[in-house]
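Commentary on secondary and tertiary structure
Here are the chains, one letter per residue:
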Amino acid sequence: MPLSWNEIRSRAIRFSKDWENVSNEDAEAKSFLDGFFEVFGISRRRLATFEKRVKKIDNKDGFIDLLWKGQILVEMKSKGKNLDKAYTQAKEYFPGLTDDELPRCILVCDFEKFRLYDLEENTISDFLLKDFQKNIKHFGFLIGMELKKFAEQDPVNIKAAEKMGKLHDELEAIGYKGHVLELYLVRLVFCLFADDTGIFERDIFHDYIKLKTKPDGSDLASCISELFYILNTPAEKRLKNIDEDLDHFPYVNGKLFEETLPPASFDSNMRNALLDCCIVDWSKISPAIFGSLFQSVMNPQERRNLGAHYTSEKNILKLIKPLFLDELWERFEKIKNKQKELVKFHEEISTLRFLDPACGCGNFLIVAYRELRLLELEIIKKLYSGDQQVLKHDLDVFVKVNVHRFYGIEYEEFPAQIAQVAMWLIDHQMNTLVSETFGENYIRLPLKQSANITHGNALRLDWHKLIDPIPWEKKEQRFEFIFGNPPFVGSKMMNVTQREEIKELFLKVDGAGVLDYVTGWYIKAAQYLNQHSKEGNGTRCAFVSTNSISQGEQVGVLWNELFNKYHIKIHFAHRTFRWNNEAKGNAAVHVVIIGFANFDAAIKFLYEYDSVKSEPHQVEVKKINPYLVEANNILISNQSNPICNVPKMNFGNMPLDGGNLLFSNDEKKVFLLNEPNSKKFIKPLISAREFLNGELRWCLWLVDVDPGQIKNLPEVMKRVQKVKEFRKASIAPSTQKFSTTPTLFRDRNNPESCIVIPRVSSENRNYIPMGFFNKNFIISDTCMAIPLANIFHFGILTSKMHMTWVKYVCGRLKSDFRYSKDIVYNNYPWPESPTSKQKQTVEQKAQQVLDVRKKYPESSLADLYDPLTMPPDLVKAHNELDKAVDQCYRSQSFTSETKRIEYLFELYDRYVGGLFGGEKKKSPKKKME
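Residues numbered from 1 in each chain as written. Predicted model: local features only at pLDDT ≥ 70, side-chain atom pairs only at ≥ 80, totals over all residues. Heavy atoms only, no water.

Looking only at helices and strands, one finds 33 helices and 28 strands in the chain. The buried share of the chain, taken over its 929 residues, is 56%. Taking all contacts inside the chain whose residues are at least 6 apart in sequence as the whole, residues at least 24 apart take part in 72%. (Helix = DSSP H or I, 4+ residues; strand = E, 2+ residues; numbered from the N terminus. Buried < 20%, exposed > 50% of the residue type's maximum accessible area, 1.4 Å probe, protein only. Contact = heavy atoms within 4.5 Å.)

Here four strands make up an open sheet; going across it, the order is β17-β25-β21-β23 and the pairing antiparallel. The open sheet has two edge strands with one neighbour each: β17 (650-651) and β23 (771-774). Note that strand β21 (residues 753-758) and β23 share four bridges and pair antiparallel. In the strand pairing of β23, isoleucine 755 is matched with phenylalanine 772. (Pairing = 2+ DSSP bridges.)

Turning to the nonpolar core, a few remarks are in order. Counting 117 residues, the largest nonpolar core has Tyr522, Trp559, Trp805, Tyr819 and Tyr889 as its most contacted members. Counting residues per element, this core draws most heavily on helix α33 (residues 897-912), at eight residues. Excluding residues within four positions of it along the chain, tryptophan 559 makes contact with Tyr522, Ile549, Gln554, Asn564, Ile568, Ile570, Ile594, Pro626 and Leu635. (Core = buried A, V, L, I, M, F, W, Y, C linked by side-chain atoms within 4.5 Å.)

This part is about the side chain of arginine 853. Along the chain, the position of arginine 853 falls in helix α30 (residues 836-854). Although arginine 853 lies buried, it forms no salt bridge, and the closest oppositely charged side chain, aspartate 851, sits 9.3 Å away as judged by the N-O distance. In terms of polar contacts, arginine 853 uses its side chain to reach the backbone carbonyl oxygen of methionine 770, at 2.6 Å. Discounting chain neighbours no more than four positions away, the residues touching arginine 853 are Met770, Gly771, Phe794, Leu861, Leu864, Tyr865 and Leu874. (Lys, Arg positive; Asp, Glu negative; His and termini not counted. Salt bridge = Lys/Arg side-chain N within 4 Å of Asp/Glu carboxyl O. Polar contact = N/O pair within 3.5 Å; in protein donor to acceptor, adjacent residues only side chain to side chain.)

Let us look at helix α12 (residues 313-335). The terminal C-alpha atoms of α12, which comprises 23 residues, lie only 28 Å apart, well short of the 33 Å expected from a rise of 1.5 Å per residue. At lysine 321, α12 shows its strongest bend, of approximately 70°, with the proline proline 322 following within four residues. (Expected span 1.5 Å × (residues − 1). Bend = angle between axes of the 7 residues up to and from the residue.)

We now examine the environment of alanine 526. Structurally, the position occupied by alanine 526 is in helix α20 (residues 519-531). The spatial distance from the C-alpha of alanine 526 to the C-alpha of cysteine 541 is 8.9 Å, given a sequence separation of 15 residues. The contacts of alanine 526, once residues within four sequence positions are left out, are Leu562, Tyr566 and Ile568.

Attention shifts here to the pattern of salt bridges. Enumeration over the complete set of coordinates arrives at 42 salt bridges. Between lysine 130 and aspartate 131 there is a salt bridge; the shortest N-O distance is 3.6 Å. On the accessibility criterion, aspartate 131 (18% relative accessible area) is buried. Among the salt bridges present, the one from aspartate 747 reaches arginine 746, with a minimum N-O distance of 3.2 Å. By relative accessible area, which is 17% here, aspartate 747 ends up buried. On the accessibility criterion, arginine 746 (34% relative accessible area) is partly exposed. Among the charged side chains, a salt-bridge network with shared partners connects Glu7, Arg11 and Glu38.

Where strand β8 (residues 406-410) meets strand β9 (residues 452-455), four bridges bridge the pair, whose relative direction is parallel. Bridge pairing in β9 places tyrosine 407 opposite asparagine 452. Handedness of the crossover joining β8 and β9 through helix α17 (residues 413-438): right-handed. (Right-handed = clockwise from strand over helix to strand, strands pointing away.)

The subject of this paragraph is the pairing of strand β4 (residues 105-109). Along a regular strand, successive side chains alternate from one face of the sheet to the other. Among the five residues that make up β4, five are buried, leaving the element largely enclosed by the rest of the structure. Because side chains alternate across β4, one face comprises the buried residues Cys105, Leu107 and Cys109, and the other comprises Ile106 and Val108, equally buried. Bridge count between strand β3 (residues 72-76) and β4: five bridges; the pairing is parallel. Its bridge partner lying in β4, leucine 73 is registered against isoleucine 106. In this view, the connection linking β3 to its parallel neighbour β4 by way of helix α4 (residues 83-92) has right-handed handedness. Judged from the five bridges that link them, β4 and strand β5 (residues 113-118) form a sheet pairing that is antiparallel. Each residue of the ladder has a partner; that of cysteine 109, found in β5, is phenylalanine 114. Between β4 and β5, which pair antiparallel one after the other, the connecting turn spans three residues, and phenylalanine 111 there sits at a positive phi close to 80°.

On to the sheet that holds strand β1 (residues 49-55). Reading across from one edge, β1-β2-β3-β4-β5-β6 is the order of the six strands in this open sheet, with mixed pairing throughout. Edge positions in the sheet fall to β1 and β6 (123-128), since each has one partner strand and no second. Across this sheet, the average inter-strand angle for adjacent strands is 30°, counted without regard to direction. Seen against the sheet, α4 touches β3, β4 and β5 and runs at an angle of roughly 140° to β4. (Axes fitted to C-alpha atoms, helices over the stretch in contact; angles between N-to-C directions.)

This part is about the packing of helix α7 (residues 204-212) against helix α10 (residues 268-279). Running from N to C, α7 and α10 cross one another at 155°; their axes reach a closest spacing of 10 Å. Between α7 and α10, the angle falls in the class roughly antiparallel. Crossing handedness for the pair α7 and α10: left-handed. Facing α7, whose interface residues are Phe205, His206, Ile209 and Lys210, α10 presents Arg271, Leu274, Leu275 and Cys278. Its residues assigned to classes, the contact of α7 with α10 comprises five nonpolar, one polar and two charged. (Parallel < 35°, antiparallel > 145°, perpendicular 65-115°, else oblique. Left-handed = near helix turned anticlockwise from the far one by under 90°. Nonpolar A, V, L, I, M, F, W, Y, C, P; charged D, E, K, R; others polar.)

Glancing now at unusual backbone geometry. At aspartate 203, a position not held by glycine, the phi torsion is positive, near 70°. Relative to the helices and strands, aspartate 203 is located in the loop between α6 (178-197) and α7. With a phi close to 60°, histidine 567 is a non-glycine residue in the positive phi region. Turning to its location among the elements, histidine 567 is positioned in the loop between α21 (553-566) and β12 (569-580).

Before going further, it helps to spend a moment on the state of the cysteines. Tallied over the entire structure, the rule returns zero disulfides. Among the cysteines around cysteine 191, which has no disulfide bond, cysteine 278 carries the closest sulfur, lying 9.3 Å off. (Disulfide = S-S within 2.5 Å.)

Because each turn of an α-helix spans 3.6 residues, side chains separated by three or four positions in sequence point in the same direction. Judged by how many residues are buried, helix α28 (residues 800-809) sits mostly within the fold: eight of 10 residues are covered. Listing the buried residues of α28 in full gives Met801, His802, Met803, Thr804, Trp805, Val806, Tyr808 and Val809.

What follows covers the packing of aromatic side chains. The description of an aromatic ring pair rests on the distance of the ring centres and on the angle between the ring planes. Taken as a whole and judged by the stated rule, the model has 58 aromatic pairs. Look at phenylalanine 200 and phenylalanine 249: their rings are 5.2 Å apart centre to centre, the planes differ by 90°, and that puts the pair in the edge-to-face class. Here phenylalanine 249 lies in the loop between α9 (244-247) and α10 and phenylalanine 200 lies in the loop between α6 and α7, a separation of 49 residues in the sequence. Under the relative-accessibility criterion, phenylalanine 249 is labelled buried at 2%. With a centroid separation of 5.0 Å and an interplanar angle of 15°, the aromatic rings of phenylalanine 577 and tyrosine 609 are classed as stacked. Of the two residues, phenylalanine 577 sits in strand β12 while tyrosine 609 sits in strand β14 (residues 604-609), which places them 32 residues apart along the sequence. Residue phenylalanine 577 shares its accessibility class with tyrosine 609, and that shared class is buried. Put simply, the rings of Phe15, Trp19, Phe32, Phe36, Phe37, Phe40, Trp68, Phe111, Phe114, Phe127, Phe132 and Phe139 touch in pairs and so form one group of aromatic residues. Across from the ring centre of phenylalanine 141, 4.9 Å away, lies the NZ or CZ of arginine 104, which sits over that ring. Positioned above the aromatic ring of phenylalanine 792, the side-chain terminus of lysine 839 is 5.3 Å from the ring centre. (Phe/Tyr/Trp six-rings, centres within 6.5 Å; stacked < 30°, edge-to-face > 60°. Lys NZ or Arg CZ within 6 Å of the ring centre and 35° of its normal.)

This is the structure we're talking about:
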């Protein structure tokens, strides 16, 4: 076990006194360095060598005074010699060293002066022998007691992953697979981490593998099996004649080494792969992103489907800070100088429970645990800062927060095992911080407590039984936090099992078929809260979710159930932002974070983003609705007709033809060469792609055409025959029935004139491009059409006001807008009573927009509405139109998009005549001509 900092400091003082009058390199250097390492409780003979011969850059032999491979190179000089030259001499040895021998630090010393070059941190530390005790922490890396600052993309994480992945592949190739392979690797990772962080004596695992096993690897498996047995056996129960090197390993417990695994089989390559893993400095690995180390081991496709997202600490903090951490720190600041209240507060935080029901490799639990331990450390420092003798008595008495109050559920076994071990690793790192703070060594071995990670299906398990098997009646009020990042699986991407799980959770809920997989976690959390609702406990929840649950048709289905059946209240929310994770390829989606409970909160917060990539700013609000707006809990559901008196919207026309009634521009030319008399039946087809990009597409439109005319067109008949065959061959009865009318599209909407709106449009555009078309154009099913709409309707729909409604209410295809009739258009609250003058102004400004667009005949609508290339005069025209539309709603200008949507929700509420909880009142439709 490593020495405490206090003991090291005492030894450093004695060392300084013993060597204060010694100055000769040749006579005393070796003894001096033996004594130096003894200060840290390190046997120099076991780890470092004197006078190592190497070839210098000039190909001459050089002799390093002392080298500890991978750690430190020491160059000694007699008192008064130039230390700059000593450093240059040390660097000249580097070309003769292998990669695993290259040191992290160079120490040059003349017995009186020390200069330490940290080559990783690029720092230099100078001090005198008499001040050695003040500078001992510069050498914490020698004993695994160094405090680390972890970067999310530290190259060492990638290096470790690659080496573990190689070892995994080698073992799997020989048939060592499944559960035994996963547990075997997790145990090895624990040993590697313990070897570099002070849990074990420094490097004893590496030395055991390198020095005690044969180079061909033939006995490595049996040696590792014996080591696993030792790590699971208390010292007093071990055999008396056990190998001395094995007996130096501590008793770990914690059930990590409890299960007997079949021995693996190693060869020289596999042994080298394990030794390569040993070379990595595992003290630099952050347990907070521990799971991302194994993405090269797990199948990427499986990982994506199962939701094992390796999330950045920055994003995790976005959830846990408003959920519990900010409040705990605020309470600490208020009572930190009140002894009795602080003692009570310390006891309280040690009893908090945390559950991540989709924990993956444990990232959320790890960061939450770390942050709670950091808070506890500040409490301990405040309570006992002047009483070091009390702390020396038993640090374990004062460190109350432990991993056993952290719970996780994970569908896959391998990530569950990683999470279990990662929680021990972060616990050890926090214990190291305690040791550093109070100068006393603090290691929790043997492991007495473990995080409660359950391998199972969170949507099938009873969370209440998992998190607290002790009967509720025996407890007073308790506080728990349920949080995490459930799988991102869309409603149309779920497999049969997942779909069945959602169906069972939303039994008898109309429209549940549109719900994403993540909604299952919301319902399970609500059910958990509902079990305790009469107990008045303080359980709160927060999940990261794709933003689809706060947009489009899912909102009405999910939140109606949460509000009305489970009485859920939203406490805080992050509006849509880009969620980056640490997985390979750095996949990103657009997400929200929603914090909720079954009781209300006096203070609520919305976190707004200027863009999906920007940083949030916090806004205190009185209420938050499921669209993540400060407004009443309005739920917008499908409407078959507009709530205002405006023209109805229709879908475009679906060909359902297998492509046989459609032509590209070139295909049309070839077809007319063979069938010139069909020209009058070929019309331009307006689909979203062609409309936005200015491309040409055509279709055979045979509505009301005399059958005799069709029969006289053999090329047309061939295509009609193929349509019939395509429809008859379909497995869908709804398609088969249309085989009786093969000359026609499935739909035949062809109004005299209409406004066309693409059903999908890029989120990057400030406006969805729309346009007018007459009956000579056929609108495809990739667009929506509003027959008999006029220029005023166009002006309102192509305004910033309508686009705000679209952003919050419409569904998404990936991140693009998916415009819909029943959710977006039919529910849109048009201006209540615009004056004739206001309407006329809107019409004039809308016409200006159309006129400016005509000035650019060579540009597509996609070009014109790209924010980077939008012409200034078109920007100006739209700005003037926006102002005119705003005046139709109210005379006071809107200062932000948030104010716009809040106003629209209030107006919508007046139109439909009631909130979500009550029966909607029939109100006369507002006239909108």
